Amino acid sequence: MSSEHTNLIDRVERRHIPLDEMVDGDTSLSTTLIRGLDILACFLSGDQTLTNAQIAARIGINKATVSRLCKTLIALHYLRRDPNGGFKLAPGLLALSYPILSHMKWRRQAINLMQDYADFSKGNVSLAVFNGGDAVYIQTIGDITNFPHVPEMGMTVPVADSATGRSLLSLLSDEERAEKYLEVESAYPGAIERCEERINSAIENCHKHGFCTSYGEWRETIYAMSAPVGRTSDGLEVTLSCGIPAYRARREEIENDLAPRLAVAAENLRQFNIFGT
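This one's a predicted model, so the numbers in the text were calculated from it and none came from an experiment.

A. Geometry of the overall build of the chain. Check the secondary structure of the chain and you find twelve helices and eight strands. For the chain, contacts bridging at least 24 residues in sequence account for 58% of all contacts bridging at least 6. Total accessible area on the chain is roughly 14,500 Å²; 52% of this is exposed by carbon and sulfur atoms.

Written as structure tokens, this is what we have:
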């Protein structure tokens, strides 16, 4: 993997927005709450266990404050102590996500359609929505056997650098897209300018052909395609994406067969009465 790809993935998995930048002079925001959520976000890098000192170093506060905040998070069942020392995320966080997922009943309606496409394409098929400057997966179907990368539910990818994110951008109006670009720039400074040509091309392709593609941009070993589905009645933009190991498909096959078929699958999903245009 090239250093450019490694650095991009590292920035996504370990990014941290300084507290002063997040608050930005707004005294109505609770810095204590932000610090607590900051601690939970430390685990986004994939670390199973972090010590008091590691957390303090990552978010730039003293160990005594970290200890007090972690004790509170343990009481709320969002953190737990590791028997060997340090802290781990706790199942209470899963309970927080239940109300969100339970209201996305259409995810279950989409499973059979997604499974059929996953079987045909030999890839992993996912539904994703916006999450600030990222896209977050809310459903994934596919075979993880010998697969180099599996987009588990809750995993995020950067909007500007992924087919999934660009497909979501195609669902926005010009005004909405301008606002989203501000969110992207806040999380990934310079991303819009760096990817502007590819973003514009992807949006145009989604409008014209119903899909966009990306070859090894986000993960070098993955060819990706994404087809915008629509906006739910409660305001979530949704896209249908598929990732395939680079050795399994030629670009010509993706552009002329697999991606157009994904666009048809998205159109079928769009027929669910929860989606608009």
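B. Looking closely at the packing of aromatic side chains. This structure, assessed with the given rule, holds two aromatic pairs. Look at tyrosine 215 and tyrosine 223: their rings are 4.9 Å apart centre to centre, the planes differ by 90°, and that puts the pair in the edge-to-face class. An identical accessibility class is assigned to tyrosine 215 and tyrosine 223; each is buried. Above the ring of phenylalanine 130, the side-chain terminus of lysine 180 is found at 4.2 Å from the ring centroid.

C. View of the environment of serine 201. Relative to the assigned elements, serine 201 resides in helix 11 (residues 191-209). Residue serine 201 is classed as partly exposed on the basis of its relative accessible area, which comes to 44%. In this structure, the C-alpha to C-alpha distance between serine 201 and threonine 213, residues twelve residues apart in sequence, is 9.9 Å.

D. Main features of unusual backbone geometry. The residue histidine 77 is not glycine, and still its phi comes out positive at about 70°. Given the relative accessible area of 54%, histidine 77 is considered exposed.

E. Region of interest: the pairing of strand 8 (residues 237-245). Counting buried residues along strand 8, nine of its nine residues qualify, which places the element largely inside the surrounding structure. Both strand 3 (residues 124-131) and strand 8 contribute to a ladder of five bridges, which runs antiparallel. Residue asparagine 124 lies in a different strand from strand 8, and its bridge partner there is glycine 243. By the bridge criterion, nine bridges tie strand 7 (residues 222-231) to strand 8 in an arrangement that is antiparallel. In the sheet register, isoleucine 222 faces strand 8, and the bridge partner there is proline 245. In this structure, the hairpin formed by strand 7 and strand 8 is closed by a connection of five residues, where glycine 235 is found at a positive phi of approximately 95°.

F. Representation of helix 5 (residues 63-75) within the structure. Between the first and last C-alpha of helix 5 there are 18 Å, a value that for 13 residues agrees with the 18 Å anticipated at 1.5 Å per step. In this structure, the buried residues of helix 5 make contact with helix 3 (31-41), helix 4 (52-59), strand 1 (79-81) and strand 2 (87-89). Between a side-chain oxygen at the N-terminus of helix 5 and the backbone nitrogen of alanine 64 the separation is 3.2 Å; the capping residue is asparagine 62. The positive-phi residue at the C-terminal boundary of helix 5 is histidine 77, with phi of around 70°.

G. Examining the packing of helix 3 against helix 5 more closely. Two elements in contact, helix 3 and helix 5, have axes whose closest approach is 10 Å; the angle formed by their N-to-C orientations is 80°. Relative to helix 5, the element helix 3 is oriented roughly perpendicular. Contact residues: helix 3 offers Thr32, Arg35, Gly36, Ile39 and Leu40, while helix 5 offers Val66, Leu69, Cys70 and Leu73. When its residues are assigned to classes, the contact of helix 3 with helix 5 shows six nonpolar, two polar and one charged.

H. Structural detail: the sheet that holds strand 3. Strand order in the open sheet formed by six strands is 5-4-3-8-7-6, and the pairing between neighbours is antiparallel. Both outer strands of the open sheet, strand 5 (156-158) and strand 6 (212-215), are each paired with one neighbouring strand and no more. Shown here is a sheet whose adjacent strand axes are inclined to one another by a mean of 30°, direction ignored. As judged from the seven bridges shared by strand 3 and strand 4 (residues 134-141), these two strands associate in the antiparallel manner.

What counts, and where the lines are drawn
The residue numbering used here restarts from 1 in each chain and proceeds along that chain's sequence as written. Side-chain atom pairs in this predicted model are given and counted only at pLDDT of 80 or more, local residue features only at pLDDT of at least 70, and totals for whole chains, interfaces and linings cover all residues. As a convention, hydrogens and water are excluded, and side-chain values are obtained from all of the structure's heavy atoms. Only DSSP runs of H or I with at least four residues qualify as helices, and only runs of E with at least two residues qualify as strands; both kinds are numbered from the N terminus onward. By definition in these notes, contact holds between two residues if any of their heavy atoms fall within 4.5 Å. For accessible areas, the Shrake-Rupley method is used with a probe of radius 1.4 Å. Any residue's cover is judged against the shown protein chains and nothing else. Working definition: rings of Phe, Tyr and Trp (its six-membered ring) pair if their centres are within 6.5 Å, and the pair is stacked with planes under 30 degrees apart, edge-to-face with planes over 60 apart, and tilted otherwise. For every residue, the accessible area (1.4 Å probe, protein chains only) is compared with the maximum for its type, and the residue is labelled buried under 20%, exposed over 50%, or partly exposed between those bounds. Definition used: whenever NZ (Lys) or CZ (Arg) falls within 6 Å of the ring centre and also within 35 degrees of the ring normal, the charge is taken to sit over that ring. At least two bridges found by DSSP between two strands are what make those strands a pair. One less than the number of residues in a helix, times 1.5 Å, gives the span that helix is expected to have. Polar contacts, as used here, are pairs of N or O atoms within 3.5 Å; protein pairs need one atom able to donate a hydrogen and one able to accept it. Residues neighboring in sequence count only if both atoms are side-chain atoms. Helix axes are fitted only over the stretch in contact, all axes being lines through C-alpha atoms; the angle between N-to-C directions runs from 0 to 180 degrees. Just so you know how the angles are binned, under 35 degrees is roughly parallel, over 145 roughly antiparallel, 65 to 115 roughly perpendicular, and the rest oblique. Three classes are used: nonpolar for Ala, Val, Leu, Ile, Met, Phe, Trp, Tyr, Cys and Pro, charged for Asp, Glu, Lys and Arg, and polar for all others, with Gly counted as polar.

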